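Residue-level structural notes
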Amino acid sequence: MSGSWTSTLLWLIPLGGALLVVVLPVRDATRGALALIAALATTVLALAAAFDFDPSGGTQFEQSHDWVRDLGLTYHVGMDGLSLVLVALTAVCVPCALGFGLWAKRPNMRAYAALMLLLESAVVLLLVARDLALFYVGFEAMIAPLALLIAVWGGPNRARAAIRFVIYTLVGSLLMLIAVITLGLEAGSFDLAKIGTSDSRWLFLAFMAAFAIKAPLYPFHGWVPDAYRESPPEVAALLSGVVSKAGAYGMLRFALPLFPGPAHDLRRWFVALALVGLLWCSLVAFRQPDSRGVVAYSSIGQMSLIGLGIFVMNDIGATGATFQMVNHGLLTVLLFLLAGVIEVRTGEGLFRRIGALARGRAGLATFVLFAGIATLAVPGSALFASEFLVLLGAFRDWWLIGALASAAIVLAAMYALRWISALLHDAPVDPAPGLSRMRDLRWEATYLLPLVVCVLVLSVYPYAVTHRVALSMHGIVSAVTAKDAP
Amino acid sequence: MIVAAAASIDTPSVQIGAILPAAILIVGALVLLIVGSFESRSARVTSGVIGLLSFAGAGLATWHLWNNGDGTAFSGQLSTDRYAALVQAIVCASGVACVLLGWGTRRLSDRIAEYYSLLCFAGAGMCILSAANGFVSLFVALELFSISLYVLCALDVSSEASLESGLKYLITGSVGSAALLFGSGLAYIATGSLRFDQIGTALNSGISHTGILLVGIALVVTGLAFKASAAPFHMWTPDVYEGAPTAVMAFMATATKTIALATLLRVMITAFSPASDVWESAVAAVAIASMLIGNIAALRQTNVKRMLAYSSVGQAGYLLIAVVAHTPLATRAMLYYLTVYAAMNLGALAVVSVREREIGGPVFIGDLRGLGRDHPLLAGGLALSLLSLASFPPTGGFLAKVYLFGSAIDAGKTYLAVIGVIATMISLAYYLRFLLAIYTPAASEARPRIVPGTRLAAVAVLVSAGVVLWLGIAPQPLVEVARTAAASLVPPG
């Protein structure tokens, strides 16, 4: 094995951390701290890689080794701009979620911490993989830790949510498996650098099925509301902040570049689905009776916007979509953790049982207000920049779609403002017993603040993300739009 | 006159080296019978150790076969190639694991020597069968291990379930054997030979595919499908597996299935591949039926052994994909899959055998609750086995499926891969149900007492878990071995 070990270490550190947590005979508190250290070490390494990254350099931190020579499977990892920013996003979000888990004192810390780290390891692996089969390994390996996290530490309907999640995601990913094998065997190698393009619509749709379910894109989101409501809040945060990005990442990394023909021919269908999903889910978010429901549907809506940015297929739209992935990832984790804090403290998530939390809780009010305002994409915020780019991309080729999608900004303002006022100002109809005893935030700030800081930094300096991804986006988009020219 | 007759019969030269693993097992089995005739307090340990040593020695002897390279023995009745050596190694490894699994079984204590002896006889039969190059040696070897297994199933004479299991297996197994015997007779009529390679040559030289040949092939496939418990010849499987002692079930589920499918592949490739147009679709139908019926029926099982029995029917279906494809790649894929299959099933059954002794009865899904707390190590091993059976990466089960489905797509049988994937999806539902049960807190706080044999079973679990993980992460060494072994059956083209 030669080349840079950075990409490999990025997924090995969480994996090693998980093994240590399981094996070492220490107290639960120590296990939690150990897991946090492993997650933070990954963060440091990911951020160091981000600073080290050369924006004009293509795929970097590469390493390659034969895996199964008989089938042409390779262990090939590396990061281009797209992988890099998503790895950094993962590495920032996981310690925050883990911090929440430690703060909420999850029972059976050994298994809990190990599963969280396994999840991080799998996500990073699929992001750095430059081999189709290796990507698939990461994509599948996410499922088991997530299912267990939902099924063991989740809410009252956790079993149903976990099984739904598993069935939906596996149906998608097993369809993809066939496509992966077919594609790899035709090319004689699964290495992305050696696989050519394919014109098969079926294979393209098999890939898209997996990614659309994972993302989720409307109408493949059937598993989402259950999973987001019933999982522990920090797992819901990772599901919507990090795992969903794996779906969008897959579209950009595989579905488009490997199938330029079918992607180009079928793009209007995906644009239409994304538009419907964006508007519909934004409307549904407004009607939700609980704070997590609002966040869940807003998250599906935002993912549809990302899908729109991807399938309008121009540089601006794709860059906007990637930037939106980062922003949405950070914000949705923040929103879910905030909802989680309130839920853990009061034991309730329904708006009719909680509310008027602003009085005497200045810290909480500040965080909620910040998160809500940032989510409605107020001008000057990072999310505004990315949504603007996506909509601009849409206007370029389909002005009507762009105009309709812009309505989502209004809808976002509606549900975000309702969320803020329901939590902070409106008095609850039927107050939960724990409500009046809830203290202001204290230790909670340790895992909420990093997310806020990241959002602020990106609001001030969006270029940090956009100039790192611009090159890979141009490569992906131009490969597809080359089909435009006869 | 007598002398003249004797001279005219071509007596085969006996090459013990060609059947060294089987010979070791037979010697071990005979010694065990002698040991069993002495009443002794230490018979339990002595016979266990002898059984263990026999299987381990036979396993080491496969190394000798491997190094000898490809050849034939016993007048061409056995083909001592590397394919056979690898299959024998899998059988012997299963045997070692099953000896460890059966160690703490108190129920068999007064017949423990016979138990190990029969296990060794069965192993010897399988070793010979793996090298069989003609229908005569095939049938003799098949009966040697089948009859041993009939008795093994019924060995727990105080248990009605065990007796029922033995009787059921005897009846259905005999039907399978009879079908196989009749089929080989018909194949002889059609081609004029009982040796696989000569049948292949005869078919290649342009014998028309008569109806007799077709029926013959169908019956041969039926007979071996009975042994491999492929649907629709699987009806005996859940009842027999459930009733048999767990160690015996483990041996049947791993070694018997390995040998039946490996032999089927050898017969189909060496003898009948020129007539592949007549049997491919039939075997494909059996494969599809097994994948779907096995996995759908497993959905409703609550008894762990029954679930694993139906799951093994499904696994037979996946493995039959390789028989349908019968390309060099498919042969490699099957050998790889068989190795992983043996490891993951043994890992799961070792845990079941411990739990069974703890609660003193059959293990249902509810009895797995709290396993994660009582035995973190065993629970982890069982979880890994289930994940591998459900083909999650990074376990060997995942790569094995990729390999197998890849070989199907490569051979132009994409539909089989698609159905395989659908069957895999179905299978997740029940594997995950059992997986969740392991980590669900038990109803009672009481911890079960530690039963004898737990440590030995834990060794088996650890080794299987190691193999499953190793084959999922660094498969290249086994792939190379499988490539060499497969090349002795089908030259890579």
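Residues numbered from 1 in each chain as written. Chains lettered and ligands numbered in written order. Predicted model: local features only at pLDDT ≥ 70, side-chain atom pairs only at ≥ 80, totals over all residues.

1. A closer look at the overall build of chain B
Assigned secondary structure in chain B consists of 20 helices and 2 strands. By its C-alpha atoms, chain B is 75 × 55 × 40 Å across when sized along the principal axes. Taking all contacts inside chain B whose residues are at least 6 apart in sequence as the whole, residues at least 24 apart take part in 80%. (Helix = DSSP H or I, 4+ residues; strand = E, 2+ residues; numbered from the N terminus. Contact = placed C-beta atoms within 7 Å.)

2. Here's the deal with the overall build of chain A
A count of helices and strands for chain A gives 18 helices and 2 strands. A compact globule built from 486 residues should have a C-alpha radius of gyration of about 23 Å, and chain A, at 21 Å, falls within 12% of that. Viewed in the frame of its principal axes, chain A has a C-alpha envelope of about 65 × 60 × 40 Å. (Rg over C-alpha atoms; globule rule 2.2 N^0.38 Å.)

3. Here's the deal with the interface of chain B and chain A
Many descriptions give the size of an interface as the accessible area lost when the pieces come together. Listed by partner, the interface residues are 25 residues for chain B and 23 residues for chain A. Only α17 (396-410), α18 (414-438) and α20 (476-487) of chain B provide two or more residues apiece to the side of chain B that touches chain A. Sorting elements by how many residues they give to the side of chain B that touches chain A places α18 of chain B first, with 8 residues. Partitioning the side of chain B that touches chain A into residue classes produces 19 nonpolar, 3 polar and 3 charged. (Nonpolar A, V, L, I, M, F, W, Y, C, P; charged D, E, K, R; others polar.)

4. A short note on the pairing of strand β1 (residues 60-68) of chain A
Residues and elements named next belong to chain A. The sheet contact formed by β1 and strand β2 (residues 73-79) spans 6 bridges and is antiparallel. Across the sheet, the residue bridging to Q60 is M79, located in β2. The loop that links β1 with its antiparallel partner β2 comprises 4 residues; one of these, G72, has a positive phi angle of about 80°. (Pairing = 2+ DSSP bridges.)

5. Some thoughts on the confidence of the model for chain B
Residue and element names in this part refer to chain B. Residues at a pLDDT of 70 or more form 96% of chain B, whose mean pLDDT is 89. The secondary structure element of chain B with the lowest average pLDDT is helix α1 (residues 2-8), at 53, and the one with the highest is helix α13 (residues 304-325), at 95. Both confidence scores are given for the complex: pTM 0.88, ipTM 0.81. (pLDDT = per-residue confidence, 0-100.)

6. Side note on unusual backbone geometry
With an omega of 0°, the peptide bond running from Y218 of chain A to P219 of chain A counts as cis. With respect to the helices and strands, the residue P219 of chain A is situated in the loop between α8 (201-214) and α9 (224-230). A cis amide bond links A231 of chain B to the next residue, P232 of chain B, at an omega of 0°. A positive phi angle is found at K105 of chain A, which is not glycine, with a value near 50°. With respect to the helices, strands and loops of the structure, K105 of chain A is situated in the loop between α3 (81-103) and α4 (109-128).

7. A word on the pairing of β2 of chain A
With respect to burial, β2 of chain A is a largely interior element, 7 of its 7 residues being buried. Burial along β2 of chain A is two-sided: the residues L73, Y75, V77 and M79 of chain A and T74, H76 and G78 of chain A are all buried. (Buried ≥ 20, exposed ≤ 12 C-beta atoms within 10 Å, placed from the backbone.)

8. Description of helix α19 (residues 454-473) of chain B
One turn of an α-helix holds 3.6 residues; hence residues three or four places apart share an orientation. Residue and element names in this part refer to chain B. With 20 residues, α19 should reach 28 Å at 1.5 Å per residue; the first-to-last C-alpha distance of 28 Å fits that figure. Here α19 has its buried residues at T454, L456, A457, A460, V461, S464, A465, V467, V468, L471 and G472. Tucked inside the fold, the buried residues of α19 contact α4 (82-102), α14 (328-359), α16 (376-389), α17 and α20. (Expected span 1.5 Å × (residues − 1).)

9. Quick word on the environment of S472 of chain A
All names here are of chain A. As for its position among the elements, S472 is in helix α18 (residues 463-481). Look at S472 and you get buried, because 25 C-beta atoms sit within 10 Å. Taking the C-alpha atoms as reference points, S472 and F395, 77 residues apart in sequence, are found 22 Å from one another. With sequence-adjacent residues up to four places away left out, S472 is seen in contact with D80, G81 and L82.

10. Digging into the packing of α4 of chain A against helix α5 (residues 132-141) of chain A
Residues and elements named next belong to chain A. Interaxial distance between α4 and α5 falls to 8 Å at its minimum, and their mutual angle equals 155°. If you check the angle between α4 and α5, you find them roughly antiparallel. Of the two elements, α4 crosses α5, and the hand of that crossing is left-handed. Here A122, V123, L125 and L126 of α4 lie close against α5, whose contacting residues are F135, V137, G138, F139 and A141. Broken down by class, the residue content of the contact of α4 with α5 amounts to 8 nonpolar, 1 polar and no charged. (Axes fitted to C-alpha atoms, helices over the stretch in contact; angles between N-to-C directions. Parallel < 35°, antiparallel > 145°, perpendicular 65-115°, else oblique. Left-handed = near helix turned anticlockwise from the far one by under 90°.)

11. Focus: the environment of L102 of chain A
Residues and elements named next belong to chain A. The residue L102 is located in helix α3 in this model. Here L102 falls in the buried class, since 23 other C-beta atoms lie within 10 Å of it. Sequence-wise, L102 and P233 are 131 residues apart; in three dimensions their C-alpha atoms are separated by 12 Å. Residues within four places of L102 in sequence aside, it is in contact with G32 and L36.

12. Quick look at the confidence of the model for chain A
Across chain A, the average pLDDT comes to 90, with 99% of residues at or above 70. Highest mean pLDDT in chain A belongs to α3 of chain A (94); lowest belongs to helix α7 (residues 158-187) of chain A (87).

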